[in-house]
Amino acid sequence: METFLKIHPDDKVAVALKPLSKGTTLSVDGMTVTLSEDIPQGHKFALFPVKADEPVIKYGSPIGIAREDIAPGTWIHTHNMKTGLGDLLTYTYQPVNVSLPSTEPGYFQGYRRKDGSVGVRNEVWIIPTVGCVNNIATAIERQAQQYVQGTIDAVAAFPHPYGCSQMGDDQEHTRQILADLIGHPNAGGVLVLGLGCENSNIDELKRYIGAYDENRVKFLVSQESENEIEDGLGLIKELAAYAGGFHREPISCSELIIGMKCGGSDGLSGITANPAVGRFSDLLISKGGTTILTEVPEMFGAETLLMNRCENKELFEKTVSLINDFKNYFTSHNQTIYENPSPGNKKGGISTLEDKSMGCTQKSGSAPVKGVLSYGEKVSAKGLNLLSAPGNDLVASTALAASGAHIVLFTTGRGTPFASPVPTVKISSNTPLYEHKKNWIDFNCGSLVDGKPMELLGQELFDYVVAVASGQKVKAEEAGFHDMAIFKQGVTL
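A. Spotlight on the nonpolar core. Ranked by size, the top nonpolar core spans 95 residues in total, and within it F108, F300, I407, L409 and I427 carry the most contacts. At eight residues, helix α12 (residues 454-469) tops the list of elements feeding residues into this core. For F108, the contacting residues outside a window of four places in its chain are V118, G119, V120, E249, P250, I251, S252, C253, L256, V466, A469 and S470. Residues I126, I136, L239 and A243 belong to the second largest nonpolar core, which totals 22 residues.

B. Spatial organisation of the packing of helix α1 (residues 134-143) against helix α4 (residues 228-243). Taken N-terminus to C-terminus, the directions of α1 and α4 make an angle of 50°; their axes are 10 Å apart at the nearest point. One way to sum up the angle between α1 and α4 is to call them oblique. α1 and α4 meet at a crossing whose hand is right-handed. Counted together, I136, A139, I140 and Q143 of α1 and E228, I229, G232, L233 and I236 of α4 form the full contact between these two elements.

C. Representation of the pairing of strand β21 (residues 407-412) within the structure. Counting buried residues along β21, six of its six residues qualify, which places the element largely inside the surrounding structure. Burial of β21 is two-sided: the residues I407, L409 and T411 facing one way and the residues V408, F410 and T412 facing the other way are all buried. With five bridges joining them, strand β17 (residues 257-262) and β21 adopt parallel strand pairing. Bridge pairing in β21 places C262 opposite T411. As judged from the five bridges shared by β21 and strand β22 (residues 424-428), these two strands associate in the parallel manner. Bridge pairing in β22 links L409 to V425.

Definitions and cut-offs
- Residues numbered from 1 in each chain as written.
- Predicted model: local features only at pLDDT ≥ 70, side-chain atom pairs only at ≥ 80, totals over all residues.
- Heavy atoms only, no water.
- Core = buried A, V, L, I, M, F, W, Y, C linked by side-chain atoms within 4.5 Å.
- Buried < 20%, exposed > 50% of the residue type's maximum accessible area, 1.4 Å probe, protein only.
- Helix = DSSP H or I, 4+ residues; strand = E, 2+ residues; numbered from the N terminus.
- Contact = heavy atoms within 4.5 Å.
- Axes fitted to C-alpha atoms, helices over the stretch in contact; angles between N-to-C directions.
- Parallel < 35°, antiparallel > 145°, perpendicular 65-115°, else oblique.
- Left-handed = near helix turned anticlockwise from the far one by under 90°.
- Pairing = 2+ DSSP bridges.

Any link to function would need more than the numbers given here.
In structure tokens, the structure reads:
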């Protein structure tokens, strides 16, 4: 078992794959390095002298600047390095010619909807138009569990605090996300539950929903009902009867859409879990499928790697706007652009936003960027897509679902129990987390540290995702969790 890893030949640091003790002598590329202090798992130590104000190189790229002279064998972290990032930048398109060879087709057992779309679950969803009816929605959900039978996977409500007292783009985005979820093919039936007097009332929301199957989508205005729970249950019964007529059938993996997100990252995330998801992404795309990468603030510092993989200049310009618009969002609220990484990230070995971003973008694999999506926009281009959404776990995962993701792959070094509107696969970066939180974690990438080849792990992850797409429940589903969160971007009246 290796005890440390030098990721790129140009790196000036290595990463401890397990806790290393002061005085340990290591052989690296034909030279020896003696550790001058203890190095926690996932943390960095210097391989070469780094002068004050010089860049610290990891992943073959700068991840920060030394605050002081750093000798070989020294622990490198927030105490002796800082971010080297500025604010708005000027970018030049320097395209990298990347392409993936096609591989043999793959198939999963999914649900073909009447409009031709595909789902990996056959659930009945209750979507409130406004937070005022959240308790009604959850009460209907509790009493409707009797309809979870046959091919019905779940009856789930998605409470949220929005839908009224909003203005401008903030209100538009809420309506768009709700409409996206109403149309999501993982739902075989949808009850849209309104109050009646809200800004995003049902008549208003119908403009965003567009054409819909009246058997699949039902509406209930609570103020117009004498007993909204009783009436809601009656509509759920009708929806369950309709959805129950769908059955799984073989569907090409070319129609599978997978969202990619990370949270609670540690120093191993960019070495194990995120590259494994990148390997999965390349494999799915090679079969004609689609992946979506989001959490824009965690692209800062690694954005040029994505920009230069854009298929054309138009996508490059969209990616520049994706990055700079988010930076302007921070500054317009008088906030620091680089207020990242989190305390948990730092404890796990991530020192700067560049360090975090270089690890985060490993999830994108090596495929060219085929699409750049605004918040709430549905995916249309097959292949790798970039989506505008923040780093917040629930908000970003909901955004991925709203853009069409059937499943979200969520890598983590510290663990989290949350869910999203679609099956959310928790992937651990280290084996101790997997062993400690088996009720949260679905797939372990810590086995890479123990010597499992990346090619094999990537194939195992692909096979697992196909099993989930075919009906195998993830841990959050087994616990009965369904979450959603909308990106709040404006004032509240």
